[in-house]
Amino acid sequence: MQIATWNVNSLRVRLPQLLDWLGANQPDIVALQETKLPDAAFPAAEIGAAGYHVVFNGQKTYNGVAILARTPLSGAVIEIPSFDDDQRRVLAASCAGVRVVNLYVPNGQAPGSDKYEYKLRWLKALRVWLRAELAQYPRLLVLGDFNIAPDDRDVHDPEAWVGSVHVSEPEREALGELLQIGFLDVFRQFDQPPQAFSWWDYRAGAFRRNHGLRIDLILASRVLAPRCTGCRIDRLARSAERASDHAPVIASFDI
DNA sequence: ATGGTGGGCAGCCCA
């Protein structure tokens, strides 16, 4: 089974690329972030015609998440319980015997900003929720745009980025505390090329120069992680004309 | 080089 995560940065713009990509890669489950569409405008018919079931949690202009799957999805949850938030960043569903939690973690803007404090509060509430989810669903996958580069291998120029949003210690600690409750970053279970990133700024030729960060992650519970047989980043999708600023990340599982 | 580019919605916000 192949499961993927992709921040599409507007599903309206990226739908043709997504449909091409689904045809070429045939993933079983796909978590999308930054769909930027209200639910009434979600292209469910086009995605259905491509052979995928879909659940979505969107809003106008900002945020928005969706899960696509070849087999039916059930038990959708659209927010972190007991965390009051009007930003649509969370979608969990069950599929093919696995529980999937799709996340668009807040960007955080810059340490010290209101958005940064919101990011840390959000991550704290997420951890409380995921601990309970893990107890209920041992076969749990948590994937999406985490907006945190786990360590310096995931940063093109760690010295230039010291203390910046996406790499700051409080953010990395929050991610570490999440992993501690029982998840593994499956990308690092395998040999990977150096300088492997999943996001590159649109500006300053960052993709051409491979000035990126690895902030799109697939976390597997301790039960599922040993079933993972590979994980890769699809840079080809990022090189397309009018591409998203994120590349898809794909993991294979022997399930 | 404190800019640069892209998406969304209508002169900025957000990434």
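Refer to the structure printed above.
Residues numbered from 1 in each chain as written. Chains lettered and ligands numbered in written order. Predicted model: local features only at pLDDT ≥ 70, side-chain atom pairs only at ≥ 80, totals over all residues. Heavy atoms only, no water.

**Considerations on the pattern of salt bridges**
Under the counting rule described, the total for this entry stands at 11 salt bridges. Among the ionic pairs, E79 bridges to R88, the shortest N-O distance being 3.8 Å. On the basis of relative accessibility, which here comes to 37%, the residue E79 falls in the partly exposed class. Across the salt bridge formed by D154 and R214, the nearest N and O atoms sit 2.7 Å from each other. Taken together, the positions of D154 in the loop between β8 (140-145) and α4 (158-161) and R214 in the loop between β11 (212-213) and β12 (216-221) put the pair 60 residues apart, joining distant regions of the chain. Of the residues examined, D154 reaches a relative accessible area of 0% and is grouped as buried. Look at R214 and you get buried, because its relative accessible area is 1%. One network of salt bridges, with partners in common, ties together D154, D185, R188 and R214. (Salt bridge = Lys/Arg side-chain N within 4 Å of Asp/Glu carboxyl O. Buried < 20%, exposed > 50% of the residue type's maximum accessible area, 1.4 Å probe, protein only. Helix = DSSP H or I, 4+ residues; strand = E, 2+ residues; numbered from the N terminus.)

**Topic: the sheet that holds strand β3 (residues 53-57)**
Pairing in this open sheet of six strands is mixed, and the strands run β3-β4-β2-β1-β14-β13 from one edge to the other. The open sheet terminates on both sides in strands that have one partner only, identified here as β3 and β13 (228-233). Taking each pair of neighbouring strands and ignoring which way they run, the sheet shows an average axis angle of 10°. Here four bridges tie strand β1 (residues 2-7) to strand β14 (residues 249-253), and the two strands are oriented antiparallel to one another. Bridge pairing in β14 places A4 opposite I250. (Pairing = 2+ DSSP bridges. Axes fitted to C-alpha atoms, helices over the stretch in contact; angles between N-to-C directions.)

**Re unusual backbone geometry**
In this model, T61 sits at a positive phi of 75°, which is unusual for a non-glycine residue. Examined against the element boundaries, T61 turns out to sit in the loop between β3 and β4 (65-69). Exposure remark for T61: the relative accessible area of 41% places this residue in the partly exposed category.

**So, the packing of aromatic side chains**
In total, this model carries four aromatic pairs according to the counting rule given. Each ring, one from F42 and one from F56, has its centre 4.1 Å from the other, and the planes form 5°; the classification is stacked. Taken as a pair, F42 in the loop between β2 (29-33) and α2 (44-49) and F56 in strand β3 lie far apart in primary sequence, 14 residues in all. Judged by relative accessible area, F42 falls into the buried class, the value being 8%. Under the relative-accessibility criterion, F56 is labelled partly exposed at 26%. (Phe/Tyr/Trp six-rings, centres within 6.5 Å; stacked < 30°, edge-to-face > 60°.)

**Concerning the protein's contact with DNA strand B**
For DNA strand B, the set of nearby residues contains 15 residues, the closest of which are S10, R14, T61, N107 and R203. Per the 4 Å cut-off to the protein, sugar and phosphate atoms form 69% of the nearby atoms of DNA strand B. A distance of 3.3 Å separates a phosphate oxygen of DNA strand B from a polar side-chain atom of K115. Note that a phosphate oxygen of DNA strand B is positioned 3.4 Å from one of the side-chain N or O atoms of R242. (Near = heavy atom within 4 Å. Polar contact = N/O pair within 3.5 Å; in protein donor to acceptor, adjacent residues only side chain to side chain.)

**Some remarks on empty space enclosed by the protein**
In total, this model carries one cavity of 30 Å³ or more according to the counting rule given. In this structure, the largest cavity encloses a volume near 60 Å³. Residue lining of the largest cavity: I78, E79, I80, F83, D85, Q87, R88, R89, V90 and W122, and that is the complete set. A class-by-class count of the residues in the lining of the largest cavity yields five nonpolar, one polar and four charged. (1 Å grid on protein atoms, 1.4 Å probe; cavity = no way out; pocket = protein on both sides within 12 Å on 5 of 7 lines; lining within 4 Å. Points joined across faces, edges and corners; volume = space filled by probe spheres on them. Nonpolar A, V, L, I, M, F, W, Y, C, P; charged D, E, K, R; others polar.)

**Observations concerning the pairing of β8**
Across the six residues that make up β8, a large majority, six, are buried. The sheet contact formed by strand β7 (residues 98-104) and β8 spans six bridges and is parallel. What sits directly across from N102, in β8, is L143. Handedness of the β7-helix α3 (residues 114-136)-β8 crossover: right-handed. Pairing analysis gives five bridges linking β8 to β12, with the strands arranged antiparallel. Following the sheet pairing, L143 is matched in β12 by I218. (Right-handed = clockwise from strand over helix to strand, strands pointing away.)

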